[in-house]
Amino acid sequence: MGVRKRERAEGIKEANKQVAFAKLNNCPSSPRKMRLVADLVRGQKVERALSLLRFSSKEASRKLEKLLLSAINNWEQKNEGGDVSAAGLFVKEIRVDGGMMLKRLRPAPQGRAHRIRKRSNHVTVVLGQADNTQSNS
């Protein structure tokens, strides 16, 4: 039993060498605003995604650019001596989920109060490697 488990774990580890990810938790902006920027880079090559984020005027693009650089760095740590430009990395998956919500009260007329919801989000970026082995044969 131990041998099978170890072999399976090594197989999973080898498959995960091609995939790198990074997470950003409790980013203090609404998920809707972050999704607008995330939709721009989904499925793009890493170089193009970085240039799109660098020249975007939205505040969420700064945070997403930093997260993408972190995912690239994670890929480099997994693949010692691997070249990012030669590997053909692309944004395989980018997920924006709702995070913690701060609830505040704002005074309203006639003694009432309105609830203010300050939203946050969780972002997950997964990088994949293009299959160059199939196109060369």
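What counts, and where the lines are drawn
Sequence order sets the numbering: in each chain, residues are counted from 1 along the sequence as written. Given that this is a predicted model, residues contribute local features only at a pLDDT of at least 70 and side-chain atom pairs are listed and counted only at 80 or more, while totals for whole chains, interfaces and linings are drawn from all residues. Note that the side-chain values use all heavy atoms of the structure and ignore hydrogens as well as water. Only the contacting stretch of a helix is used when fitting its axis, a line to C-alpha atoms as for every element, and angles between N-to-C directions run 0 to 180 degrees. The numbering of helices and of strands both runs from the N terminus, where a helix is a DSSP run of H or I of at least 4 residues and a strand a run of E of at least 2. When describing relative orientation, an angle under 35 degrees is termed roughly parallel and one over 145 degrees roughly antiparallel, while 65 to 115 degrees is termed roughly perpendicular and anything else oblique. In this scheme, a crossing is called left-handed if the near helix is turned counterclockwise away from the far one by less than a right angle; it is called right-handed if the turn is clockwise. It only takes one pair of heavy atoms within 4.5 Å for two residues to be counted as in contact. A pairing counts as a salt bridge when a side-chain nitrogen of Lys or Arg comes within 4 Å of a carboxyl oxygen of Asp or Glu. Any residue under 20% of the maximum accessible area for its type is buried, any over 50% is exposed, and the rest in between are partly exposed; the area is computed with a 1.4 Å probe on protein chains only. At least two DSSP bridges between two strands are needed for those strands to be called paired. Distance and chemistry together define a polar contact, namely a pair of N or O atoms within 3.5 Å, with one atom able to donate a hydrogen and the other to accept it when in protein, and with adjacent residues in sequence counting only for side-chain atoms on both sides. What the arc covers is the set of directions going from the helix axis to the C-beta atoms. Excluding any residue in a salt bridge, patches collect residues exceeding 30% relative accessible area, merging like charges within 9 Å and nonpolar Val, Leu, Ile, Met, Phe, Trp and Tyr side chains within 5 Å. Working definition of accessibility: Shrake-Rupley area with a 1.4 Å probe, residue cover restricted to the visible protein chains. Here the positive residues are Lys and Arg and the negative ones are Asp and Glu; neither His nor the chain ends is included. A single reference atom marks each charge: NZ on Lys, CZ on Arg, CG on Asp, CD on Glu.

**Student:** I tried to follow the packing of helix α2 (residues 31-41) against helix α4 (residues 59-78) on my own but got confused; where do I start?
**Tutor:** Each pair of packed helices can be described by the angle between their axes along with the distance between the axes. With their axes 9 Å apart at the nearest point, α2 and α4 run at an angle of 55 degrees to one another. What the angle tells us is that α2 and α4 run oblique. Every pair of crossing elements has a handedness; the one defined by α2 and α4 is right-handed. Residues K33, M34, V37, A38 and V41 of α2 touch α4, and the partners they reach there are A60, S61 and L64.

**Student:** Can you walk me through the pattern of salt bridges in this structure?
**Tutor:** Pairing of side chains with opposite charge becomes possible as their charged atoms draw close. A complete count under the given rule lists four salt bridges for this structure. The partner of E65 in a salt bridge is R54, with the nearest N and O atoms 3.1 Å apart. Of this pair, E65 sits in helix α4 while R54 sits in helix α3 (residues 46-54); the two residues are 11 residues apart in sequence, bridging distant segments of the chain. A relative accessible area of 12% places E65 in the buried class. Across the pair E93 and R95 runs a salt bridge, and its minimum N-O distance is 2.2 Å. In this structure R95 comes out as partly exposed when scored by relative accessible area, which is 36%.

**Student:** It is not clear to me how the environment of M34 should be interpreted in this structure. Could you clarify?
**Tutor:** Inspection of the secondary structure puts M34 in helix α2. The sequence separation of M34 and S61 amounts to 27 residues, and the corresponding C-alpha distance is 7.9 Å. When near neighbours in sequence (up to four residues on either side) are disregarded, M34 contacts C27, S29, A60, L64, V96, N121 and V123.

**Student:** Just checking my understanding: could you explain the sheet that holds strand β2 (residues 89-98) for this structure?
**Tutor:** The strands that make up a sheet are held in pairs by hydrogen bonds between backbone atoms, and each pair lies either parallel or antiparallel. With respect to topology, three strands assemble into an open sheet ordered β1-β5-β2, the strand pairing being antiparallel. The sheet terminates laterally at β1 (20-27) and β2, the two strands that pair on one side only. The sheet shows a mean angle of 15 degrees between the axes of neighbouring strands, taken without regard to direction. Examined bridge by bridge, β2 and strand β5 (residues 121-129) share nine bridges and lie antiparallel to one another. Across the sheet, residue D97 finds its bridge partner in β5, namely H122.

**Student:** What is the right way to read the side chain of N121 from this model?
**Tutor:** Looking at where N121 falls in the secondary structure, it is placed in strand β5. Polar side-chain contacts of N121 include one of 2.8 Å to the backbone oxygen of S29. In contact with N121, other than residues within four places in its own chain, are L24, N25, N26, C27, S29, S30, P31, M34, V96, D97, G98 and G99.

**Student:** Quick question: what am I supposed to make of α3 here?
**Tutor:** Helical geometry: 3.6 residues make up each α-helical turn, so side chains three or four residues apart lie on a common side. Within α3 the residues assigned to the buried category are V46, A49, L50 and L53. Down the axis of α3, the smallest arc covering the buried residues is 100 degrees, so these residues share one side.

**Student:** Hey, could you run me through a positive patch on the surface in this one?
**Tutor:** Residues K103, R115, R117 and R119 make up a contiguous surface patch of positive charge. Counting through the fold element by element, R119 comes out in the loop between β4 (113-118) and β5.

**Student:** Teacher, can you tell me more about the pairing of β4 here?
**Tutor:** Every other side chain in a regular strand lies on the same face of the sheet, so the side chains alternate between the two faces. Summarising the sheet, strand β3 (residues 102-107) and β4 pair through six bridges and their orientation is antiparallel. If you follow R106 over to β4, its bridge partner there is H114. Hairpin connection, β3 to β4: the antiparallel pair is bridged by five residues, and Q110 has positive phi, about 60 degrees.

Limitation: the analysis is restricted to geometry and does not speak to function.
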